[in-house]
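# Residue-level structure breakdown
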Amino acid sequence: AQTVTQSQPEMSVQEAETVTLSCTYDTSENNYYLFWYKQPPSRQMILVIRQEAYKQQNATENRFSVNFQKAAKSFSLKISDSQLGDTAMYFCAFRDPSGGGADGLTFGKGTHLIIQP
Amino acid sequence: DAGITQSPRHKVTETGTPVTLRCHQTENHRYMYWYRQDPGHGLRLIHYSYGVKDTDKGEVSDGYSVSRSKTEDFLLTLESATSSQTSVYFCAIGPTSSYEQYFGPGTRLTVT
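So, a few notes on the structure that sits alongside this text.

### A look at the state of the cysteines
- Tallied over the entire structure, the rule returns 2 disulfides over all chains.
- Shown here is the disulfide that connects Cys 23 of chain A with Cys 92 of chain A, its sulfur atoms set 2.0 Å apart. Linking Cys 23 of chain A and Cys 92 of chain A, the disulfide has an S-S dihedral of approximately -70 degrees and is accordingly described as left-handed. Placement of Cys 23 of chain A in the loop between strand S3 (19–21) and strand S4 (24–26) and of Cys 92 of chain A in strand S10 (residues 88–95) is noted, with a sequence separation of 69 residues between them. By the burial criterion, Cys 23 of chain A is buried, and Cys 92 of chain A matches it.
- There is a disulfide in this structure between Cys 23 of chain B and Cys 91 of chain B, and the S-S distance comes to 1.9 Å. Here the disulfide of Cys 23 of chain B and Cys 91 of chain B is left-handed, its torsion about the S-S bond being about -70 degrees.

Laid out in structure tokens, this is it:
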């Protein structure tokens, strides 16, 4: 079974700073997908960014980018120019597509990110 | 935003009573999922469905059952609610061609 580990329960940075959230995972699969989800106080789960394991290029979405290190099984999220609205829980998630799409996501326990004004 | 609604959004119930949570989608996705979220655990998969009347168990399925009689609706039932089932429940749909899942707004269930 796959496992996802987020080693930082909570982080706090000043507005406009850059912050990196860590995620490691364990799998024997070669093809898989990785995601970062954001959960603000509204409780809604929002997809931030997606990475396919077979793509070497790191995914980027505006101020959000990832550092995907397949050999190290590491998938960190970098938030540049952080904003107050980035305050949220962030969850790393893993998806093994070998089940044909029927299986769920495996989530880490989350990192609570606080952006200070 | 994906068209996913959950009802009710909040519910308080007593131990031993049956509870049914509903997930409704307008996206016509084949796959639907139920997760629970608890502090210190992230989200954990309860059950999933890969088509009408096709369902299977997830990681934490004990005490829960599901049904899917239409593509758009996925029901989660607690036959006899216990305090350990106090949680926030999320429905999700997917996968898209890139395998992400889209989540409903969640239901906060309190079992007293």
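Back to the text.
### Section: the interface of chain A and chain B
- On the side of chain B, 28 residues touch chain A, which itself brings 22 residues to the contact.
- Buried area between chain A and chain B, summed over both chains or domains, comes out near 2,000 Å², and the portion from carbon and sulfur atoms is 53%.
- Here chain A is connected to chain B by 1 salt bridge.
- Applying the counting criterion to the chain A and chain B interface returns 7 residue pairs in polar contact (both at pLDDT 80 or more).
- Of all the secondary structure elements, the ones that give two or more residues to the side of chain A that touches chain B are strand S5 (33–39), strand S6 (46–52) and S10 of chain A.
- When residues in the side of chain A that touches chain B are grouped by element, the largest group, 4 residues, is from S5 of chain A.
- For the side of chain A that touches chain B, a count of residues per class yields 10 nonpolar, 6 polar and 6 charged.

### Looking at the side chain of Gln 37 of chain B
- One can find Gln 37 of chain B in strand S4 (residues 31–38).
- Of the polar contacts made by the side chain of Gln 37 of chain B, one reaches the side chain of Gln 39 of chain A; its length is 2.8 Å.
- Beyond its immediate sequence surroundings of up to four residues, Gln 37 of chain B is in contact with Gln 39 and Phe 91 of chain A together with Gly 42, Leu 43, Ser 87, Val 88 and Phe 90 of chain B.

Here is what the cut-offs are and how they apply
Think of each chain on its own: its residues are numbered from 1, step by step along the sequence as written. All chains are assigned letters beginning at A, and all ligands numbers beginning at 1, according to the order in which they are written. Only residues with pLDDT of 70 or above have their local features reported here, since the model is predicted, and side-chain atom pairs are shown and tallied only from 80 upward, although totals for entire chains, interfaces and linings are computed over all residues. Where side-chain values are given, they derive from all heavy atoms of the structure, hydrogens and water being excluded. Cysteine sulfur atoms are paired as a disulfide whenever they come within 2.5 Å of each other. Each helix is a run of H or I in the DSSP string that is no shorter than four residues. Each strand is a run of E no shorter than two, and both are numbered from the N terminus. Only protein chains enter the calculation, and the probe is 1.4 Å; a residue is then buried if its accessible area is under 20% of its type maximum, exposed if over 50%, and partly exposed in between. In what follows, a contact means two residues having at least one pair of non-hydrogen atoms within 4.5 Å. Summed over both partners, the accessible area lost on bringing two parts together, with a 1.4 Å probe, is the buried area. Salt bridges are counted wherever a side-chain nitrogen of Lys or Arg sits within 4 Å of a carboxyl oxygen of Asp or Glu. The term polar contact refers here to a pair of N or O atoms within 3.5 Å; inside protein, the definition further demands a hydrogen-donor-capable atom paired with an acceptor-capable atom, and it admits residues adjacent in sequence only when both atoms are side-chain atoms. Think of it as three bins: nonpolar holds Ala, Val, Leu, Ile, Met, Phe, Trp, Tyr, Cys and Pro, charged holds Asp, Glu, Lys and Arg, and polar takes everything else, Gly as well.

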